[in-house]
Structure formats: C-alpha cells, structure tokens
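Geometric and topological summary
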Amino acid sequence: MYTRRPAFLFCLLLPFVAPGQQQTRNVILITVDGLRWQDLFGGMDPLLENEKSAGMEEADEPRARLSAATREERRRKLMPFFWSTLAPAGVVLGDVSKGSSVKVTNRYHVSYPGYSEILTGRAQDGAIQGNRPIQNPTQTLPEFLRRKLRLTKEQVALFGSWRVFRAIGESRPGSIFLNAGYEKLPSGLSPRLRELSALQFDILTPWPTVRHDYITFEMALEYLRTAHPGFLHIAFGEADDWAHDSRYDRVLDSIGYFDRALKQLWTAMQALPQYRDSTALVITSDHGRGSTVRDWTSHGQSVPGSEQIWLAIVSPETPARGETGIGGETHQRDIAPTILELLGIGYREYEGVLGKPIPQAFKAHLTPRPRASTK
Ligand SMILES: [Zn+2]
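Predicted model, so just to flag it, every value in this text is computed and none were measured.

Examining the overall build of the protein chain
In terms of helices and strands, the protein chain carries 13 helices and ten strands. Taken over C-alpha atoms, the radius of gyration comes to 20 Å for the protein chain, in line with the 21 Å a tight globule of 375 residues would show. If one aligns the C-alpha atoms of the protein chain with their principal axes, the spans along those axes are about 65 × 50 × 45 Å. Across the 375 residues in the protein chain, those meeting the buried criterion constitute 58%. At a minimum sequence separation of 6, the contacts of the protein chain that also span at least 24 residues come to 70%. Carbon and sulfur atoms form 52% of the exposed surface of the protein chain, whose accessible area is close to 15,500 Å². Between the averaged position of the 45 positive side-chain charges in the protein chain and that of its 41 negative side-chain charges there is a distance of 7 Å.

Take a look at the structure:
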C-alpha cells in the first residue's frame with residue numbers, strides 16, 4: 001500500500017492531461033466474465049490443476065503445457081501475449097498478493113451489477129440487484145460518448161456473448177450498435193459478418209443465453225475493420241459458464257483463446273491508421289470468484305473474494321510499466337471516469353458518476369511537480 005503524499009493529492013485535483021494534449025481518440029473496452037485475478041496473475045491454479053471435481057482428471061495435455069515452477073512462468077504460459085506484450089505496454093492492477101487491489105463497489109458480485117458499474121461509473125444497488133434483464137436505468141458511458149463526441153450509432157458498438165448485454169449496454173434501446181447473445185446482425189454488413197451471423201446458430205454452446213466467444217470476437221474484429229467505431233466494447237462470456245459447470249480445463253481453454261484474441265486485436269489495431277497509437281485498450285472483469293477447491297466455481301455476496309477483480313490499461317496517455325510500482329486500491333466504478341479522462345473529457349461531465357479517474361493510468365501522474373505547487 002502506498003501513502004498519499006501531497007503531490008499525489010494535488011494530482012487528484014487537476015485534469016490528468018492538459019486539455020487538447022491527448023492522443024487517445026478511440027476506446028476499446030474488453031471484459032471477460034468472471035476471469036479470476038488468481039488465474040490472470042498466477043496462471044493455472046496449483047490448487048486445481050489435479051482436481052478431479054474441477055474436470056482436470058484427464059487434462060494431461062493442458063496440465064503439461066501450462067505448469068511451471070513459478071507464478072510468473074505459469075501466467076506467461078497461460079496468457080503469453082498479455083504478459084509479453086500488453087502488460088509491459090501499460091499498467092496492470094489487481095494482484096492482491098503484491099498489494100494491489102481492484103474491487104467492485106456493488107453489493108452483489110454478480111454480472112449485471114458489475115458490468116453496469118463498469119459502464120456507468122457507479123453501483124446501482126437499488127435498481128440492479130441481480131442478472132434480471134431490466135433495461136439499464138442510467139445513461140451508459142457509450143451512450144454518453146455518442147452524444148458528447150457526436151458519433152453516429154454505428155460508431156459506438158458493443159458485441160457480447162451474453163444476451164443480457166442487450167439490457168445492460170444502453171438505457172434507451174437502439175441508441176448504440178449492440179449485438180449480444182444469439183442474435184442476428186442487421187443486413188447490409190460485410191460478407192464475413194453475414195457469415196458469422198449465420199454460423200452462431202449452427203455451433204451452439206451448452207448455455208441458452210451465452211454464445212461462443214469466437215463468434216462475438218470475430219464479429220467485433222470484422223466490425224472494427226469495416227465500420228471503424230470510436231468506442232467498441234467486446235464482452236467475452238464463456239470462462240464464467242465453464243467455471244459454474246466446474247470445468248477448469250475448459251476455463252483454461254477459454255483464457256487461452258482470450259489471449260490469442262487479444263493478439264489478433266492488437267495486430268489489427270496496429271494495421272489500421274485510425275487506431276494505431278491513438279487507442280485506449282481497457283481490459284477488466286465483472287466480478288471475481290472463490291479461491292478454494294469448494295468455491296472457485298462460484299461468486300456472489302456469500303462467496304469470499306468475489307468482489308476482487310483486476311484491470312489492465314494500455315493507451316497513449318498511460319505509462320508503460322506493467323505491474324511495477326502499481327499499488328493501492330482501485331474500484332470498478334473508476335473505470336468509466338478513467339476512460340473519459342483518457343479521451344480528454346472531464347469525467348464530472350458524466351452526470352451522477354461516483355468513481356474517479358485512476359491516477360496510475362496517466363503518465364502525468366508520474367511527473368514530479370514543483371514543490372511550491374503542492375500546497
Ligand atoms: Zn457467473
């Protein structure tokens with residue numbers, strides 16, 4: 001834990017970057033449902049790697065491929081692209097074992113309250129108490145950005161594996177380009193999007209409200225290339241469902257796919273002039289889950305540790321330091337205000353926001369200030 005020195009307080013009172021100096025013009029928000037900080041920072045969990053009840057009895061191949069002596073080696077095996085390329089290019093918060101913590105502030109520690117906290121910068125404990133698909137009562141960040149930046153509906157997009165995003169993503173149905181769960185795309189899009197739109201109904205998952213992450217991600221990637229959205233949210237879902245089904249082997253597969261998808265996305269971003277050197281990548285999760293053999297499958301108010309999430313940010317405004325010197329406590333509701341400040345928008349313009357921009361996401365936070373100004 002770090003102590004808040006006067007210089008740090010001073011930073012909190014000022015905009016993080018002087019107006020007009022931002023290079024960030026696009027935001028890609030990526031969420032992975034219920035991916036635990038234990039797996040992100042530690043790789044395959046030694047507690048579960050031989051666990052029969054977690055579906056690991058016959059998982060010789062992944063066990064051999066993903067095991068290693070140290071935590072750092074294990075996580076590099078599970079998520080090679082994330083740890084070799086993305087993490088060093090930005091900041092990663094939430095490794096509890098290193099004194100860094102990212103927590104949800106909603107009371108429920110399940111998906112809708114978590115995603116809504118990410119997308120509105122506040123917990124809405126009264127209105128959103130679980131995963132019932134009620135329309136989000138609050139204007140969401142993508143809706144706010146569309147208005148503020150004068151974007152078209154097509155320039156603000158959300159692709160989600162989970163159907164309930166249709167309710168979470170917008171307060172006014174039809175205000176952003178949204179496709180979630182098993183859902184056809186509108187006609188008039190590219191041949192690849194037409195193909196994926198049809199394919200989703202031929203390759204089904206075991207869960208009626210969650211389609212394959214492959215479909216969601218490939219749709220989002222093709223949409224990025226063809227429609228050039230200024231805000232894009234890609235919401236991966238499968239890891240959570242496999243965990244609920246006690247299948248750690250499949251959770252590991254899902255995380256592996258997620259890492260390969262990040263690499264594809266990063267490569268596509270570097271090849272597109274609109275996105276290269278001008279895009280913030282914000283990667284996080286909606287909730288944590290348990291840490292024992294008995295409760296790793298689950299999450300919620302009664303499961304200790306499920307309030308604990310993680311957060312990675314790579315942007316032109318963000319220092320390239322990985323986990324180095326990243327301590328302290330951050331909250332899920334801080335993500336939306338941080339995105340606003342990365343874009344050069346004063347976060348308080350977003351009415352009702354309760355979170356605050358995360359200082360570690362800004363290079364300006366590192367700049368030593370003159371002693372006299374700290375008073
Ligand atoms: Zn869940």
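Still more to cover.
Let's talk about the packing of helix H10 (residues 213-227) against helix H12 (residues 248-271)
Where H10 meets H12, the axes come as close as 11 Å, and the angle between the chain directions of the two elements is 5°. When the interaxial angle is binned, H10 and H12 end up roughly parallel. Together, Asp 213, Tyr 214, Phe 217, Glu 218, Leu 221, Leu 224 and Arg 225 of H10 and Tyr 257, Ala 261, Gln 264, Leu 265 and Ala 268 of H12 make up the contact between the two elements. Tallied by class, the residues present in the contact of H10 with H12 amount to eight nonpolar, one polar and three charged.

Observations regarding the sheet that holds strand E3 (residues 100-103)
Taken in spatial order, the three strands line up as E8-E3-E10 in an open sheet, and their pairing is mixed. For this open sheet the edge positions go to strand E8 (308-309) and strand E10 (328-331), each flanked by a neighbour on one side alone.

Side note on the coordination of the zinc ion
Those donors, Asp 240 (OD), Asp 240 (OD), His 244 (NE2) and His 299 (NE2), are the protein atoms that reach the zinc ion, and they lie 2.1 to 2.5 Å from it. Viewed at the metal, the four donor atoms of the zinc ion are separated by angles of 55 to 151°, and the geometry they form is irregular. Mapped onto the polypeptide sequence, the residues donating to the zinc ion form the spacing pattern D-x3-H-x54-H. A residue pair is termed long-range when its members are at least 10 positions apart, and Asp 240 in helix H11 (residues 238-244) and His 299 in the loop between strand E7 (279-284) and E8 qualify at 59 residues.

Comments concerning the packing of aromatic side chains
Enumeration over the complete set of coordinates arrives at 16 aromatic pairs. Taking the centre distance of 5.3 Å and the plane angle of 80° together, the rings of Tyr 248 and Trp 296 count as edge-to-face. Placement of the pair is Tyr 248 in helix H12 and Trp 296 in the loop between E7 and E8, with a sequence separation of 48 residues. Here Tyr 248 and Trp 296 have matching classes, each one buried.

Things to note about the pairing of strand E5 (residues 177-180)
Going residue by residue along E5, you find Phe 177 and Asn 179 tucked away on one face and Leu 178 and Ala 180 tucked away on the opposite face as well. The sheet contact formed by strand E4 (residues 156-160) and E5 spans four bridges and is parallel. Within E5, the residue paired with Leu 158 across the bridge is Leu 178.

Conventions we followed
- Residues numbered from 1 in each chain as written.
- Predicted model: local features only at pLDDT ≥ 70, side-chain atom pairs only at ≥ 80, totals over all residues.
- Heavy atoms only, no water.
- Helix = DSSP H or I, 4+ residues; strand = E, 2+ residues; numbered from the N terminus.
- Rg over C-alpha atoms; globule rule 2.2 N^0.38 Å.
- Buried < 20%, exposed > 50% of the residue type's maximum accessible area, 1.4 Å probe, protein only.
- Contact = heavy atoms within 4.5 Å.
- Areas by Shrake-Rupley, 256 points an atom, 1.4 Å probe, with all protein chains shown as cover.
- Lys, Arg positive; Asp, Glu negative; His and termini not counted.
- Charge placed at Lys NZ, Arg CZ, Asp CG, Glu CD.
- Axes fitted to C-alpha atoms, helices over the stretch in contact; angles between N-to-C directions.
- Parallel < 35°, antiparallel > 145°, perpendicular 65-115°, else oblique.
- Nonpolar A, V, L, I, M, F, W, Y, C, P; charged D, E, K, R; others polar.
- Pairing = 2+ DSSP bridges.
- Donors = N, O, S within 2.8 Å, 3.2 Å for Na, K, Ca; no water.
- Tetrahedral: all angles 85-135°; square planar, octahedral: opposite > 155°, others 65-115°.
- Phe/Tyr/Trp six-rings, centres within 6.5 Å; stacked < 30°, edge-to-face > 60°.

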